[in-house]
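Summary of structural features
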Amino acid sequence: YILTTHSMEEADALCGRIAIMVNGRLKCLGSTQHIKSKFGSGYRLQLKADPARANDVVNFIKNLFPHAAEVDHYGEMWSYWVSQDMNLANAFKSIEDKREQVGILDYSLSQTSLEQVFISFANEQQEENVVS
C-alpha cells in the first residue's frame, strides 16, 4: 500500500518505510529511525530553568555541549540543538548531577523528529524555488 501525507506523525505511526520527495525527486527512503538518524540534525535539548540563573544555565550547557546551538529562549525556557556525536548516558548523568546547582527545573533531550526532518526538506524545496 502507498499512503501520501504531509503529516509525519501519521506516517510515523502507520508506515514501515517512508519516502520524502522534493520537487518531484526522491530525497530519501527508509525506516523512520534510518531517516531521523541520517537526515536529522542531532538532538533537541529543552530546558526549564530559573531565569535569575540564566548565566549559570547557559555556561553549563556550553561546557557540556561545546557545539550546542541555542534555538529559542523565552523567559524560563531554553531550547538547543546538540550534536548526535555524544554519549547520551553521560549527557543525562551530567545534567542530573548539576541541575540543582545551575537552576535547571526540568529538561528533555530528544532525537530530531520526523516532522523536523520533513521541514528541513520542505525548506530545501522553497530554496530551490527561489533560485529558479
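The coordinates are above.
Everything in this summary refers to the structure shown in the same document. Keep in mind that this is a model prediction, so the values were computed, not measured.

What counts and how
Residues numbered from 1 in each chain as written. Predicted model: local features only at pLDDT ≥ 70, side-chain atom pairs only at ≥ 80, totals over all residues. Heavy atoms only, no water. Pairing = 2+ DSSP bridges. Helix = DSSP H or I, 4+ residues; strand = E, 2+ residues; numbered from the N terminus. Core = buried A, V, L, I, M, F, W, Y, C linked by side-chain atoms within 4.5 Å. Buried < 20%, exposed > 50% of the residue type's maximum accessible area, 1.4 Å probe, protein only. Contact = heavy atoms within 4.5 Å. Phe/Tyr/Trp six-rings, centres within 6.5 Å; stacked < 30°, edge-to-face > 60°. Lys NZ or Arg CZ within 6 Å of the ring centre and 35° of its normal. Polar contact = N/O pair within 3.5 Å; in protein donor to acceptor, adjacent residues only side chain to side chain. Axes fitted to C-alpha atoms, helices over the stretch in contact; angles between N-to-C directions. Parallel < 35°, antiparallel > 145°, perpendicular 65-115°, else oblique. Left-handed = near helix turned anticlockwise from the far one by under 90°. Salt bridge = Lys/Arg side-chain N within 4 Å of Asp/Glu carboxyl O.

With 5 bridges connecting them, strand S4 (residues 69-74) and strand S5 (residues 77-82) associate as antiparallel partners. Each residue of the ladder has a partner; that of Ala-69, found in S5, is Trp-81. Linking two consecutive strands that pair antiparallel, namely S4 and S5, is a turn of 2 residues; a positive phi of about 60° is found at Gly-75 within it.

With 18 residues, the main nonpolar core has Leu-45, Leu-47, Ile-61, Phe-65, Tyr-80 and Val-82 as its most contacted residues. When residues of this core are assigned to their parent elements, the largest contribution, 4 residues, is made by strand S3 (residues 43-49). Aside from chain neighbours lying at most four places away, what touches Tyr-80 is Tyr-43, Arg-44, Leu-45, Leu-47, Val-58, Ile-61, Ala-68, Ala-69, Glu-70 and Val-71. Grouped together as the second largest cluster of nonpolar side chains are 11 residues, Met-8, Ile-20, Leu-114 and Val-117 included.

Another point: the packing of aromatic side chains. Between two aromatic rings, the relevant description is the distance of the centres plus the angle of the planes. Per the counting criterion, the structure on display carries 2 aromatic pairs. Between Phe-92 and Tyr-107, the ring centres sit 6.2 Å apart and the planes meet at 40°, which makes this aromatic pair tilted. Remark: Tyr-107 occurs in strand S6 (residues 104-111) and Phe-92 occurs in helix H4 (residues 88-102); sequence separation between them is 15 residues. Over the ring of Trp-81 we find Arg-44, and its NZ or CZ is 5.2 Å from the ring centre.

Take the side chain of Ser-79 next. By secondary structure assignment, the location of Ser-79 is in strand S5. With a relative accessible area of 4%, Ser-79 lands in the buried category. Only 2.8 Å separates the side chain of Ser-79 from the side chain of Arg-44, close enough to count as a polar contact. Every residue in contact with Ser-79, bar those within four places of it in the chain, is listed here: Arg-44, Leu-45, Gln-46, Ala-69, Glu-70, Val-71 and Asp-72.

Moving on, we get to unusual backbone geometry. Non-glycine residue Asn-23 carries a positive phi angle of around 50°. Summarising the element assignment, Asn-23 is placed in the loop between strand S1 (18-22) and strand S2 (25-30).

Orientation of helix H3 (residues 54-64) relative to H4, taken along the N-to-C sense of each, is 160°, at an axis distance of 11 Å. Judged by the inter-axis angle, H3 sits roughly antiparallel to H4. For the pair H3 and H4, the crossing hand works out as right-handed. In this structure, H3 uses Asp-56, Val-57, Phe-60 and Leu-64 to contact H4, whose residues at the interface are Ala-91, Ser-94, Ile-95, Lys-98 and Val-102.

Time to look at the pattern of salt bridges. Applying the stated criterion across every chain yields a total of 5 salt bridges. Between Asp-56 and Arg-53 there is a salt bridge; the shortest N-O distance is 3.3 Å. Residues Glu-96 and Arg-99 are paired through a salt bridge, measuring 3.2 Å at the closest nitrogen-oxygen approach. One end of the pair, Glu-96, and the other, Arg-99, are both in helix H4, 3 residues apart, so they sit about a helical turn from each other.

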